[in-house]
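# Survey of secondary and tertiary structure
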Amino acid sequence: MEVKKVGVLGCGLMGAGIAQTSAMAGFETTVREVSEELLQKGFAAIEKSLERFADKGTITAEQQKQARDRLFGTTSFDDLSDCDIIIEAIIENLDEKQKTYRQLDSLCKPETIFASNTSSLSITQMMSPTSAERQKRFIGMHFFNPVPIMKLVEVVRTILTDANVYEDAISFAQKLGKVPVRAGDKTGFIVNRLLVPYLLDSIRALEEGVGSIVDIDNAMKLGCGYPMGPLTLGDFVGLDTTYYIAEIMFNEFREKRFAPPTLLKRMVMAGLYGRKSGRGFYDYTKDAKDPTPMNLV
Ligand code: CAA
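### Remarks on the pairing of strand E1 (residues 5-9)
Most of E1 sits out of view: five of its five residues are buried. Both faces of E1 are covered, namely the face carrying Lys5, Gly7 and Leu9 and the face carrying Val6 and Val8. Of the pairings in the sheet, the one linking E1 to strand E2 (residues 28-32) comprises five bridges and is parallel in character. In the strand pairing of E2, Leu9 is matched with Arg32. For the segment spanning E1, helix H1 (residues 13-24) and E2, crossover handedness is right-handed. Relative to strand E4 (residues 85-88), E1 runs parallel, the two being bridged by four bridges. When the bridges of E4 are listed, Leu9 appears paired with Glu88.

Written out as structure tokens, the structure reads:
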């Protein structure tokens, strides 16, 4: 099946990035949010990112306009009924996702592919309220932040995914300009299986006084060529999100390497979520481009 019309659920950080990427790749894209206000916020982020691409000459003014023209915002599920694929990027809450999928299952065409951008929940558990036919057309498509820039998509199959649907999803990811990797429905897929223990270990190293925030970050940036140090990356991903993913992975595997360190838990309790809240391992409130390391231990 050829994907022509794309639906995106959620216009937050990930949903907005996915919708923008889809529109830039030439797909008519409808993005649904729960309120007009959240929709406007998401569209403002898309606009800012498109401007960034246009300013640098990555896209022309005409391409920028075309991408805008292919994007539609809505607060109604009904507007997604004729989409060929729906990519869900709503809150990482199983009940909410299942409720949404149950509603969409009866509304969408039988051939519509359902794809979740979840980073850590089980695709198999998520699809359980949908019909047996839909379950064959249910996959994971896990994008990375910032979506318009990061090339990777993890395309996740369950034991019930139809082989042709899976190949359609792989080729759709390529048409989005991304590089798909194939992954099974195991918590964390490939990237978070490897990334989460690394991020948590960097926090443990800080707790144990192995190095300062800046030195831990510089060590991995300059010693291993990573674009960001692990503590900067934690702030970028969101420390609340990192904590939440770690909890899910720890519950699944019961392995210490996925256990959130005390410092991370305390930071989340204190509202230090990273960039999004202004403070995390660094303080972004005075100069977001040149943040100051926090005094945490
Ligand atoms: N829209 C458009 N352009 C953007 C952008 C956006 N949202 N974000 C960054 N850019 C552009 C910049 O304008 C810049 O372009 P030029 O090189 O052409 O000038 C380029 O991207 C690089 O940006 P910066 O110069 O601002 O900064 P940088 O060189 O440090 O790159 C970065 C920023 C691309 C985010 C880079 O630091 C990076 O790759 N960091 C690692 C990100 C990462 O690991 N993401 C995955 C997180 S894990 C996840 O998402 C999944 C999960 O489940 C937790």
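Now that the structure has been shown, we can carry on.
### Here's the deal with the site of the ligand
Taken together, 19 residues lie around the ligand, and Ser49, Lys56, His142, Asn145 and Asn192 are the ones closest in. Between the ligand and Ser49, the relevant distance is 2.6 Å, taken from a nitrogen atom to a side-chain nitrogen or oxygen of the residue. Contact distances for the ligand include 3.0 Å between an oxygen atom and a side-chain N or O atom of His142. Protein contacts shield 65% of the accessible area of the ligand, which totals 1000 Å² for the unbound molecule.

### Some points on unusual backbone geometry
In this model, Asn145 is joined to Pro146 through a cis peptide bond whose omega is -5°. Relative to the elements of secondary structure, Pro146 occurs in the loop between strand E6 (138-142) and strand E7 (152-157). Residues other than glycine seldom take positive phi values, yet Phe189 does so here, at roughly 50°. Within the secondary structure, Phe189 is located in the loop between strand E8 (179-184) and helix H8 (191-207). Not every positive phi belongs to a glycine, and Arg254 is a case in point at roughly 55°. Structurally, Arg254 can be placed in the loop between helix H11 (239-253) and helix H12 (262-269).

What counts, and at which threshold
- Residues numbered from 1 in each chain as written.
- Predicted model: local features only at pLDDT ≥ 70, side-chain atom pairs only at ≥ 80, totals over all residues.
- Heavy atoms only, no water.
- Buried < 20%, exposed > 50% of the residue type's maximum accessible area, 1.4 Å probe, protein only.
- Helix = DSSP H or I, 4+ residues; strand = E, 2+ residues; numbered from the N terminus.
- Pairing = 2+ DSSP bridges.
- Right-handed = clockwise from strand over helix to strand, strands pointing away.
- Near = heavy atom within 4 Å.
- Polar contact = N/O pair within 3.5 Å; in protein donor to acceptor, adjacent residues only side chain to side chain.
- Areas by Shrake-Rupley, 256 points an atom, 1.4 Å probe, with all protein chains shown as cover.

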